[in-house]
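# A look at the structure
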Amino acid sequence: MSLVHEIDYGTPRVDSATTVTLTIDGRAVTVPEGTSVMRAAMEMGTEIPKLCSTDMLESFGSCRLCLVEIEGRNGTPSSCTTPVTEGMAVRTQTDRLKRLRRGVMELYISDHPLDCLTCAANGDCELQTQAGAVGLRDVRYGYDNKHPAPPKDESNPYFTYDPEKCIVCSRCVRACEEVQGTFALTIAGRGFGSVVSAGMAEEFLASECVSCGACVQACPTATLTEKSVIDIGQPEHSVVTTCAYCGVGCAFKAEMRGDEVVRMVPFKDGKANRGHSCVKGRFAWGYTNHGDRILNPMIRERISDPWREVSWDEAIGRVASEFKRIQGAYGRGAIGGITSSRCTNEETFLVQKLVRAGFGNNNVDTCARVCHSPTGYGLKTTFGTSAGTQDFDSVEHTDVVVVIGANPTDGHPVFASRMKKRLRDGAKLIVVDPRRIDLVRMPHVEADYHLALKPGTNVAVLDAMAHVIVTEGLFDEAFVHERCDWDEFQEWAAFVADPRNSPEEVEKVCGVPAETIRGAARLYATGGNAAIYYGLGVTEHSQGSTTVMAVANLAMATGNIGRPGVGVNPLRGQNNVQGACDMGSFPHELPGYRHISEDATRTIFESLWGAPLDREPGLRIPNMLDAAVEGSFRGLYIQGEDILQSDPNTHHVAAGLAAMECVVVQDLFLNETANYAHIFLPGSTFLEKDGTFTNAERRIQPVRKVMESRSGMEDWQITMAIANAMGFPMTYDHPSEIMDEVAALTPSFAGVSFDKLDRLGSIQWPCDEAAPEGTPVMHIDGFVRGKGRFVITEYIPTDERTGPRFPLLLTTGRILSQYNVGAQTRRTANAAWHQEDRLEIHPNDAEQRGIVEGDWVKLASRTGETTLRATLTERVAPGVVYTTFHHPDTQANVVTTEFSDWATNCPEYKVTAVQVAPSNGPSDWQREYEAQARASRRIAPVAEPAE
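Rules of the game
Residues numbered from 1 in each chain as written. Predicted model: local features only at pLDDT ≥ 70, side-chain atom pairs only at ≥ 80, totals over all residues. Heavy atoms only, no water. Helix = DSSP H or I, 4+ residues; strand = E, 2+ residues; numbered from the N terminus. Rg over C-alpha atoms; globule rule 2.2 N^0.38 Å. Buried < 20%, exposed > 50% of the residue type's maximum accessible area, 1.4 Å probe, protein only. Contact = heavy atoms within 4.5 Å. Core = buried A, V, L, I, M, F, W, Y, C linked by side-chain atoms within 4.5 Å. Pairing = 2+ DSSP bridges. Salt bridge = Lys/Arg side-chain N within 4 Å of Asp/Glu carboxyl O.

Turning to the overall build of the chain, a few remarks are in order. When its secondary structure is counted, the chain shows 29 helices and 36 strands. For the chain, the C-alpha radius of gyration of 29 Å lies close to 30 Å, the compact-globule estimate for 947 residues. Viewed in the frame of its principal axes, the chain has a C-alpha envelope of about 90 × 90 × 65 Å. Every one of the 947 residues in the chain was classed for burial, and the buried ones make up 63%.

Moving on to the side chain of Arg 39. Mapped onto the elements of the fold, Arg 39 is located in helix α1 (residues 37-43). For Arg 39, the residues in contact, after removing those within four places along its chain, are Tyr 9, Thr 11, Pro 12, Arg 13 and Asp 55.

With that out of the way, let us pick up the environment of Arg 838. With respect to the helices and strands, Arg 838 occurs in strand β32 (residues 838-841). Look at Arg 838 and you get partly exposed, because its relative accessible area is 28%. Note: C-alpha distance between Arg 838 and Lys 50 (788 residues apart in sequence) is 47 Å. Discounting residues that sit within four places of it in the chain, Arg 838 has contacts with Glu 853, Gly 854, Leu 868, Arg 869, Ala 870, Thr 871, Tyr 882, Thr 883 and Thr 884.

Another point: the nonpolar core. Counting residues in hydrophobic clusters, the biggest one holds 69 residues, and the most contacted among them are Phe 159, Leu 224, Leu 429 and Leu 439. When residues in this core are grouped by element, the largest group, four residues, is from helix α12 (residues 413-424). For Leu 439, the contacting residues outside a window of four places in its chain are Val 403, Pro 408, Thr 409, Met 419, Lys 420, Leu 423, Leu 429, Val 445, Glu 446 and Ala 447. Counting 62 residues, the second-largest nonpolar core is a separate cluster that includes Trp 312, Ala 334, Leu 536 and Met 583.

What follows deals with the sheet that holds strand β4 (residues 89-91). Pairing is mixed across the open sheet formed by four strands, whose spatial order is β2-β1-β4-β3. Two strands lie at the open edges of the sheet, namely β2 (27-32) and β3 (69-70), each paired on one side alone.

Here the focus is the pattern of salt bridges. Two side chains that carry opposite charge are able to pair once their charged atoms sit near each other. Within the structure shown, the criterion is met by 58 salt bridges. One salt bridge in this structure joins Glu 688 and Arg 293, with 2.7 Å as the shortest N-O distance. With Glu 688 in the loop between β27 (679-682) and β28 (691-694) and Arg 293 in the loop between α7 (279-283) and β12 (298-299), this residue pair connects regions lying 395 residues apart in the sequence. By relative accessible area, which is 6% here, Arg 293 ends up buried. Measuring nitrogen to oxygen at the nearest pair gives 3.2 Å for the salt bridge that ties Asp 758 to Arg 704. One end of the pair, Asp 758, is in helix α27 (residues 754-760); the other, Arg 704, is in the loop between β29 (699-703) and α25 (715-725), with 54 residues separating them in the sequence. On the accessibility criterion, Arg 704 (11% relative accessible area) is buried.

What follows is the structure, encoded as structure tokens:
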């Protein structure tokens, strides 16, 4: 895709089985019933002038440029708001229409600055092009621009607002309402005094605007303009690629001038985002050129030494020689690798291949296990496949939305906008979360039920909902008989029907009123198509896998599986968490979720790879760290992850890393884990590579290179070089060849290729002979495992308990403007919205401790303590505190424990018993850590060459 501009059909596409035939300018055209005259004309190649209309927004009809004449009707209706009818005869270009359009355009131009030659939108201004389209050659009213406007607003770090150039088309206001759903913009004033206003006449930065960019994209003039366009100029070519932030997987056009990115524009044909974006994907790509980025390989003997820049050959040679030395001294299992959920499928595949076939063991793990491995275990157990059931479009057919342990408006904002639109259109909402997330109550959206449960009691609440559904006969007996194991259902039904699982009994455990649980259960079971969306608040618990299976039980019992509008939908946190799982990043599973002990499967891989594979599962990350402290694990290759900041119990992670003899970090920046590294290999950004990401809806999407890697090597090339240096040959010329190998080895990817992706845009696995173009909705005619399996989900309280020393429960989450550990977003202007992690605490708890807004507080648990500032809020209930983990100086994971999910070792981040007390500022430990980090990041000056 090389074109900068996409076709704008003026009004949204209509899906209707009934068609209508009409004539436009004497030519017949057949379109779906309900199509606007404007779109019908565009479908046949006739472009009617317009300013207020765009196919991303509902028709508005305010600009009066798109007037047409319709035979048999008086007047000149706007074509964007007029639906076609059978036999309609339309004329788009008559003398009367020419006069009217020129007259309207004269009024616009007479009140608009005529600085086109120096305007940033010159060449990309719809007012400019439409003036030409209507044939305007003179303005009878002069060019005085007599109506003074408010001053230019440059408060937003990414775009400017110049009200003097506004034509009050309302496209920005409507984009904020219809596409984003924030309702941050309005038209203030009347007549010539009308002006777009953010909030209550606030600056954009101080308003409720979330900087998604929908208003900027919708603006037809230079009123709202990216600062990058002002600085660089208009782009001249574009490349379609996929965002490298969250699991929504938005498609973008990287619009370029030469090899410089001018802006990232959401791609209207992107099936995950449908032309929308958030502040991260739209604007926060500047980290690619940040001064902190490391562009040359570096090595050092000890972690107390300064780094020394070396050549790629020396760095790769050192990795290979050190790993060979360690294996010779300590055994084959003394080294391992960690794949990245931010890298491509192809790069992740190569790391696990290197570990299994090159290192000769299965010591490979990934951050995907640290967040969503219970999804894989729970859904594979109940449904037979380790992924969500629906595509994102499915939400448009949903009648009841259930959000459990997720905060979509912050973590998955583009999908949240689609969800909010469906809720505004009438769908009901149930939120199960200990915190009052935005969806509970926000403009034009309010939850019908908010189950503000005590952290750690998910299973109890879901069992109580199941109790209501079973005892009140609200289950879908026909679906269960046909699609599920009836005997297992009866056992499960008897279990949940036990009085100990009643809402009245569960209320004593979870704190949610029994009637609230009953009402939510009835709504879910009887409200029509019901879909469950969940996040890390489900998986990051000691009963994470149990909770996923409890969710699956509810869906099966009510028949909410196998069609649009229903399903079980995990909202993946990072851009390629799903792909990292698919590619075999777990120590017990090969790509495609096949156990390493299966002889037939292992033989297939051994035959293609030419190396024997160990049939015994390897070590997970916590096992690697334990073994390092004990002395048997000595070398680790980490691709694109920062386990020191992201994994639980920071002190233990640091101890494990410090005990190793060779830690290799491959990343963009000297992250926190690099403080303990001996070799640093500079990685490449998503803009510098080819490959694929797989998003939360199983959608495999192309990542396409828009510039050469600034470090000289792409991530897949680095892994390949290590393998070759260690004596295990890898020979790929392009990532497409790696995907061909994935397809040959992985049944669910059998039909995937780069050529097909370039043709279709994206593919949802499974993609095979039965579904050559992918599978948007899973389990339509039957479950992958055959009969759906109901599993007994006994609630077992976590071992992490509150008490006199630690009376509060800490839970954690994310914020809109920052991403994961913040390595990327902290190096962009997104820091304007979130400069530090804060502790949310209820006013009652704060008052008891003498804490006021903004105070420094000490947050202590059984494993450690840290300090941060307090924010008093009723978003959290008394007894519960909450924080984010985007900033390394907070080190929130110092206090989290090593308790984990019983099936997958997924850490229990969401339940930590803590105490909060006033503090005078950062702790001694934090100051010592920062001093150590500064020392560890020293880079020795490059020696001048001898003359």
